[in-house]
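Single-letter residue listing:
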Number of protein chains: 2
Amino acid sequence: MPGTSKPARRFRRRPEARPEELLDAALTVFGERGYRATTLEEVARAAGVSKGTVYLYFASKDDLFRAMVEKNVIGMLEMAEARAREHTGTSADLLETMIRAMWRALSQAEMVCMTRLVQSELPQFPEIQRYYWENVIQRHRRLLRTIVERGIASGEFRPEALAIVPTMVPSLMLHLNHVRALFGGLDPDAPTLEAQVESILSLVFDGIRNRPIAASKQKKG
Amino acid sequence: MPGTSKPARRFRRRPEARPEELLDAALTVFGERGYRATTLEEVARAAGVSKGTVYLYFASKDDLFRAMVEKNVIGMLEMAEARAREHTGTSADLLETMIRAMWRALSQAEMVCMTRLVQSELPQFPEIQRYYWENVIQRHRRLLRTIVERGIASGEFRPEALAIVPTMVPSLMLHLNHVRALFGGLDPDAPTLEAQVESILSLVFDGIRNRPIAASKQKKG
DNA sequence: TATCTTACTGACCAGTCAGTCAGTAATGGA
DNA sequence: TCCATTACTGACTGACTGGTCAGTAAGATA
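Reading the values: rules and limits
- Residues numbered from 1 in each chain as written.
- Chains lettered and ligands numbered in written order.
- Predicted model: local features only at pLDDT ≥ 70, side-chain atom pairs only at ≥ 80, totals over all residues.
- Helix = DSSP H or I, 4+ residues; strand = E, 2+ residues; numbered from the N terminus.
- Buried ≥ 20, exposed ≤ 12 C-beta atoms within 10 Å, placed from the backbone.
- Contact = placed C-beta atoms within 7 Å.
- Expected span 1.5 Å × (residues − 1).
- Near = placed C-beta within 6 Å.
- Nonpolar A, V, L, I, M, F, W, Y, C, P; charged D, E, K, R; others polar.
- Least-squares fit on C-alpha atoms with pLDDT ≥ 70 in both.
- Core = buried A, V, L, I, M, F, W, Y, C linked by C-beta atoms within 7 Å.
- pLDDT = per-residue confidence, 0-100.
- Axes fitted to C-alpha atoms, helices over the stretch in contact; angles between N-to-C directions.
- Parallel < 35°, antiparallel > 145°, perpendicular 65-115°, else oblique.
- Left-handed = near helix turned anticlockwise from the far one by under 90°.
- Bend = angle between axes of the 7 residues up to and from the residue.

Chemist: What's the story with the overall build of chain A in this structure? I'm lost.
Modeler: Each helix and strand in chain A was counted, giving nine helices and zero strands. In sequence order, chain A lays out its α and β elements as α-α-α-α-α-α-α-α-α. Counting only C-alpha atoms, chain A reaches 90 × 40 × 35 Å along its principal axes. The buried share of chain A, taken over its 221 residues, is 33%.

Chemist: Please explain the interface of chain B and chain A as it appears in this structure.
Modeler: Accessible area lost during the coming together of the parts is what is often quoted as the interface size. With 49 residues of chain B in contact, the opposing surface of chain A contributes 49 residues. For the side of chain B that touches chain A, the secondary structure elements donating two or more residues are α6 (109-121), α7 (126-153), α8 (161-183) and α9 (193-206) of chain B. Tallying contributions element by element places α8(B) first for the side of chain B that touches chain A, with 15 residues.

Chemist: Could you clarify how one ought to interpret the environment of Pro126(B) in this entry?
Modeler: All names here are of chain B. Along the chain, the position of Pro126 falls in helix α7. For Pro126, a count of 10 C-beta atoms within 10 Å puts it in the exposed group. For the pair Pro126 and Ala46, spaced 80 residues apart in the sequence, the C-alpha separation amounts to 28 Å.

Chemist: Teacher, can you tell me more about helix α4 (residues 61-86) of chain B here?
Modeler: The α-helix winds at 3.6 residues per turn, so residues separated by three or four positions along the chain end up facing the same way. All names here are of chain B. Taking 1.5 Å as the rise per residue, α4 with 26 residues should run 38 Å; its terminal C-alpha atoms sit 40 Å apart, in good agreement. Those residues of α4 lying buried are Leu64, Phe65, Met68, Val69 and Asn72. Contacts made by the buried residues of α4 are with α1 (18-33), α3 (51-57), α6 and α7.

Chemist: What exactly am I supposed to notice about the protein's contact with DNA strand C here?
Modeler: In the neighbourhood of DNA strand C, 26 residues make up the surrounding shell, with Thr39(A), Gly52(A), Val49(B), Ser50(B) and Gly52(B) lying closest. Elements represented by at least two residues in the surface near DNA strand C include exactly α2 (40-46) and α3 (51-57) of chain A together with α3 of chain B. Examining the composition of the surface near DNA strand C, we find that four residues originate from one element, α3(B), more than from any other. Residues that form the surface near DNA strand C fall into these classes: eight nonpolar, six polar and twelve charged.

Chemist: In this structure, what is going on with the relation of the copies chain B and chain A? I would like to understand it.
Modeler: Here the second copy of the chain follows from the first by a rotation about an axis and a shift along it. With an RMSD of 0.2 Å, the operation that places chain B on chain A is a rotation of 179° combined with a shift of 0.0 Å along the axis. Overall, the copies show the geometry of a two-fold rotation axis. An overlap of 92% is found between the interface residues of chain B and their copies at the interface of chain A, pointing to a shared contact surface.

Chemist: Whenever I open this one, the nonpolar core confuses me. Can you help?
Modeler: The nonpolar side chains of a soluble globular protein tend to be buried with one another. Of all hydrophobic cores here, the largest spans 95 residues; its most connected members are Ala26(A) and Ala26(B). If near-sequence neighbours (up to four positions away) are discounted, Ala26(B) is found in contact with Val43(B), Leu64(B) and Met68(B).

Chemist: In this structure, what is going on with the protein's contact with DNA strand D? I would like to understand it.
Modeler: Of all residues adjacent to DNA strand D, which total 26 residues, the nearest are Val49(A), Gly52(A), Thr53(A), Thr39(B) and Gly52(B). Among the secondary structure elements, those contributing two or more residues to the surface near DNA strand D are α3 of chain A together with α2 (40-46) and α3 of chain B. With four residues, α3(A) is the single largest residue contributor to the surface near DNA strand D. When grouped by side-chain class, the residues that make up the surface near DNA strand D number eight nonpolar, six polar and twelve charged.

Chemist: Got a minute to help me understand the confidence of the model for chain A in this structure?
Modeler: Any region with low pLDDT has predicted coordinates that should not be read closely. Residue and element names in this part refer to chain A. For chain A, per-residue confidence averages 90 on the pLDDT scale, and 93% of positions sit at 70 or higher. Mean pLDDT values for the elements of chain A range from 88 in helix α6 (residues 109-121) up to 98 in helix α9 (residues 193-206). Across residues 1-5, where pLDDT falls below 50, the model places zero contacts with residues more than four positions away in sequence or in other chains. Note that pLDDT drops below 50 for residues 215-221; the model gives that stretch eleven contacts with residues more than four away or on any other chain.

Chemist: Would you explain the packing of α1(B) against α4(B) in this entry?
Modeler: In helix packing, the relevant descriptors are the interaxial angle and the interaxial distance, both defined with respect to the helix axes. Residue and element names in this part refer to chain B. At a closest axis distance of 9 Å, the pairing of α1 and α4 adopts a crossing angle of 95°. What the angle tells us is that α1 and α4 run roughly perpendicular. Here α1 contributes Leu22, Leu23, Ala26, Leu27 and Phe30 to the contact with α4, which in turn contributes Leu64, Phe65, Ala67, Met68, Lys71 and Asn72. The class makeup of the residues in the contact of α1 with α4 is nine nonpolar, one polar and one charged.

Chemist: Sorry, what's going on with the packing of helix α4 (residues 61-86) of chain A against helix α5 (residues 91-107) of chain A here?
Modeler: Residue and element names in this part refer to chain A. Here α4 crosses α5 at 160°, and the two axes come no closer than 11 Å. By the angle between their directions, the pair α4 and α5 is classed as roughly antiparallel. Both α4 and α5 take part in a crossing whose hand is right-handed. Residues Met76, Ala80, Arg83 and Ala84 of α4 form the contact with α5, whose own contacting residues are Leu94, Thr97, Met98, Ala101 and Ala105. Per-class residue counts for the contact of α4 with α5 are seven nonpolar, one polar and one charged.

Chemist: When you look at helix α7 (residues 126-153) of chain A in this model, what are you seeing that I'm missing?
Modeler: Residues and elements named next belong to chain A. Here α7 contains 28 residues, and its C-alpha end-to-end distance of 38 Å stays within 8% of the 40 Å for a straight helix at 1.5 Å per residue. Approximately 35° is the largest bend angle found in α7, and it occurs at Trp133. Three or more residues of α7 are buried, namely Tyr132, Leu144, Ile147, Val148 and Gly151. Buried residues in α7 make contact with α4, α5, α6 and α8 (161-183). One or two steps after α7, the chain reaches Gly155, where phi turns positive at roughly 85°.

Chemist: What is the right way to look at the environment of His178(B) in this model?
Modeler: Within the fold, His178(B) resides in helix α8. Those residues in contact with His178(B), other than ones at most four positions away along the chain, are Gln119(A), Thr115(B), Arg116(B) and Gln119(B).

In structure tokens, the structure reads:
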């Protein structure tokens, strides 16, 4: 009779899959509870293992956090850079494409977690901060700068764009996204994601000033 | 001989000053360490009292945090509203004035702490979150909306400004400020505060698109 | 000076959690 | 089927901290 004598496998040995699973779990749990408030017990449970296992793959809670940030940040930038390299068309078109792509990426649940974490926990981690500055922010700004420089050279953009786009466009989008994640539930007339990206493009390209008609046909936002 | 028998007053009784001092200390310490990472011992020491004293004036760590947020947020909005009421001139002038004033206010050290805290800790405090949404964000947006509506009516602003200014201008400024606080030290060519506000105004009013001068040439798409 | 009130202190308690490690069980090889 | 290897478990520990409270001393009153 098999009733009492079920050995019932308690776990599976899958050393190759564990690190990945732990990093994913870490993103979820850190993302919704913050670094300090998360216990490794929770992360372990979310990854389907016990706490001890975490320490087989990561030296400490810090180390886990650091690895998680690095993992989730590389891909996006590389995609963006590839897109820029392959693009044929006006700089304005390229910039618009990049803004739309970034907006789409930011609205993903994991990216919401990620940006929240980076904004709130980075001050506590000077090392990660430095890494982030050099390998994410500077790199992203460089990418935007080359696009803008091309656009200025071709006469599409004003020279002021150089001081505007690389710093301000990312800030604008990150914070709008942050506010949406934080207060979206409380705001019954929050604009849709689609409406909001159109407004962003409208602001970035044309600003708010009303202009005398000037008979020129501008692209509409 | 007075050598051994110095009683040396250990503390002073100043019940009226304590709450204020504790709130200031709380802002400083919470601001640089985050909510979870700060101990009440630290806050107490920063205020020059012992831990027990904190509990004479605030019911809990939560309560202290909540009181600190409320204290530091009311003043600014009221000032901004007063400025708007008293203004005589174009809407564009008023908006520019408001942007400059907000930028100046944000760059104060206490405000840097405050905005960092709000952005990172609010998700953990649903009650404060709701309070903040209703009494800070909505109120601020309403103020900006009335300015923009006036500007659209007078023909100064495009109608799109209504979907742009109330949400995007604050987001832009808050996040730029956040980035400056976080990475300013690492960035040797960070623009000055003055240069940056000019860029903000340039973006908000005119965008980045190069425009053909008046009615002469029209090309571009 | 003696007495009273109460602002303030700091040792203490109970709960929490990062990190450890002795032991257990999954798996591959003989 | 037994053995060797090692991925994995989970009870445990030591350090820490939010919150308490019995006691201390500042200052007021007379």
